[in-house]
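Chain residues, written in single-letter form:
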Amino acid sequence: ISQLSLFREQVLPDLENNIKYGNSLIGSDFYLGQQPDLLDEETLYRVNAFDWEKGFAAVRKAGGFDAVIGNPPYVRQELLGEAKSYFQDHYQVYHGVADLYVYFIEKGVSLLKENGLFGMIVSNKWLRANYGKPLRQWLTQRRLVELADFGDLPVFSPATTYPCILMIQKSEPSPTITVSKVHTLAFEELSEYVKPLRYEIATQSLTAEGWSLANSQAQALLEKLRQVGVPLGEYVKGQVFYGIKTGLNEAFVIDTKTREKLIDKDPKSAELIKSVVLGREVKRYQLLDGKQHLILIPKGWTRLTSGGQPNGWKWLQRHYPAMATHLKPFAKEAQQRCDQGEYWWELRACDYYHEFEKPKIVYPNISHQPEFTLDENGWYTNQKCFIIGVPDKYLLGILNSSLTYWWFRLRLPKLRGDFYEPSYVYFKEFPVRAIDLNQPTDQAAHDRLVHLVTYMLDLQKRLVTALDPHSNTVLTRQMEAIDEEIDKVVYGVYNLTTEEIEIIENNG
């Protein structure tokens, strides 16, 4: 080819009408109703509204795009600001705390022509997160083609984004969706890698409450558990509570030495100090004594205790001098908290302080496996824990069983490092088999499970104080045997078959 022909011929297509710059999610109607004086140059530049009808007039006239692909920005809802009200008015998938990518999904599909294909890599949090409920409901009315879940693989290292690739076709909904779970990034071609991993899920099993990507056998077992069980939230009558949030642990969570020092200076300080358990100290059938303590001055306490004295701080200094001296260096930070009480030295409002002083089940909000235990000593917990306000050993045995661990893996958000997040918003749907104590078989299973759990709690206490390796080994073996027996009883309680037990124990 001569140089002359090279310069006369067009090597690349003209991209002038193909590449546009603007806000993909916000149209020019954003400005309707706005005060003209608010539409300054900075606002116009920041919003940068884009009109798809005008920007791609020929494409829109032809019915839309053949394909929409992308990797939308990962922007948390706290940063969406003024755009939220626009999203609420214009997007069916809107939720008050939804991250930005959910709107890209709806917008992308809306730009397709009939039978066009949508494919984006987004966070997988929408599968189970509460904010994903409108999106899940909206998706079940679309033709779901394929979903590849990367779990916690570092696709965008070093960021932890929990990505998945979602493909949708603009046509009538289909009865199934193809699913695959990606276990490694060591592949040359993703489509080839997932071929042997693909399986089908019935779209009717994908409810607005949360999606499980389990195969058909596991889905059937999940459905059986739902049928025979009662949702945990209903079983415990909503008695699941979050641990105490101080907003400034440096001031309000103290060690034993500080506690003793405060009480030594002023014995009345003991009235305001409670023993507290941190999330890392809650183990399976075990509650470690971390020797931490909580300064608990509830909202309204100063006013009520002082009889409404006009100067609460002077009153506190006069009547609780050691506590006031301890708290004074934290005054500036404490005043900046958004979750304080009537005074900066008080904690936020809480209607269930009394629940901590009762016997209860305690568990951490993030864990590798089910880690539930019983607290009969009235410990408070920090914000890294949840408490279930019933000292139910039958329930405790179920919650620590292999059945629950299997449910964790299928239903809970998975975090990096093989951690799970059994927050109440996700965990309240766990199916608990309610026992009919008027039925001899149920009564026997209940009593057997309570007996085994009581024994397990005792073994764990003995393990903590075991001083030699031999005792440690003997106790560990006993606990392993009890664990197996607890699983057998739980399987029987749920009336599981040999095949269903195999699904659970083989991580099906």
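In case you missed it, the structure is sitting above this.
Residues numbered from 1 in each chain as written. Predicted model: local features only at pLDDT ≥ 70, side-chain atom pairs only at ≥ 80, totals over all residues. Heavy atoms only, no water.

(A) Structural detail: the nonpolar core. If you look at the biggest cluster of nonpolar residues, it comprises 100 residues, and the most contacted ones within it are Phe 87, Tyr 103, Ile 105, Trp 126, Leu 139 and Trp 406. Setting aside anything within four residues of it in sequence, one finds Leu 139 in contact with Ile 105, Trp 126, Leu 144, Leu 166, Ile 168 and Trp 211. Among the nonpolar cores identified, the runner-up in size contains 39 residues, and Ile 254, Ile 273, Val 277 and Phe 356 belong to it. (Core = buried A, V, L, I, M, F, W, Y, C linked by side-chain atoms within 4.5 Å. Buried < 20%, exposed > 50% of the residue type's maximum accessible area, 1.4 Å probe, protein only. Contact = heavy atoms within 4.5 Å.)

(B) Spotlight on the sheet that holds strand 16 (residues 380-381). Here we have four strands laid out as an open sheet, ordered 9-13-10-16, and mixed in their pairing. In this open sheet, the two strands that pair with only one neighbour each are strand 9 (253-255) and strand 16. Where strand 10 (residues 273-277) and strand 13 (residues 292-295) come together, four bridges link them in antiparallel fashion. Bridge pairing links Val 276 to Gln 292 in strand 13. Sheet strands in contact with helix 12 (residues 256-265) are strand 9, strand 10 and strand 13, and its direction is about 90° off that of strand 9. (Pairing = 2+ DSSP bridges. Helix = DSSP H or I, 4+ residues; strand = E, 2+ residues; numbered from the N terminus. Axes fitted to C-alpha atoms, helices over the stretch in contact; angles between N-to-C directions.)

(C) Fine view of helix 21 (residues 440-465). In a regular helix each residue adds 1.5 Å, so 26 residues correspond to 38 Å; helix 21 covers 38 Å between its end C-alpha atoms and thus fits that length. Those residues of helix 21 that fall on the buried side of the exposure criterion are Asp 442, Ala 445, His 446, Leu 449, Leu 452, Val 453, Met 456, Leu 457, Leu 459, Gln 460 and Leu 463. Buried residues along helix 21 sit in contact with strand 12 (286-287), strand 15 (373-375), helix 18 (393-399) and helix 22 (469-493). (Expected span 1.5 Å × (residues − 1).)

(D) Seen up close, helix 23 (residues 498-505). Buried within helix 23 are the following residues: Glu 500, Ile 503 and Ile 504. Seen along its axis, helix 23 keeps its buried residues to an arc of 95°; they face one direction. Residues Thr 498 and Glu 499 are exposed on helix 23 and point more than 90 degrees away from its buried face. Check the buried side of helix 23 and you find it contacts helix 9 (216-228), helix 19 (402-411) and helix 22. Looking one or two residues beyond helix 23, the residue adopting positive phi is Asn 507, at roughly 60°. (Arc of directions from axis to C-beta.)

(E) Quick look at a negative patch on the surface. Taken together, the side chains of Glu 480, Glu 484, Glu 499, Glu 502 and Glu 505 present a region of like negative charge at the surface. When contributions to the negative patch are tallied by element, the ones reaching two or more residues are helix 22 and helix 23. When residues of the negative patch are assigned to their parent elements, the largest contribution, three residues, is made by helix 23. By the element assignment, Glu 499 lies in helix 23. Residue classification places Glu 499 among the exposed residues on the basis of a relative accessible area of 54%. (Patch = residues over 30% accessible without salt bridge, like charges linked within 9 Å, V, L, I, M, F, W, Y side chains within 5 Å. Areas by Shrake-Rupley, 256 points an atom, 1.4 Å probe, with all protein chains shown as cover. Salt bridge = Lys/Arg side-chain N within 4 Å of Asp/Glu carboxyl O. Lys, Arg positive; Asp, Glu negative; His and termini not counted. Charge placed at Lys NZ, Arg CZ, Asp CG, Glu CD.)

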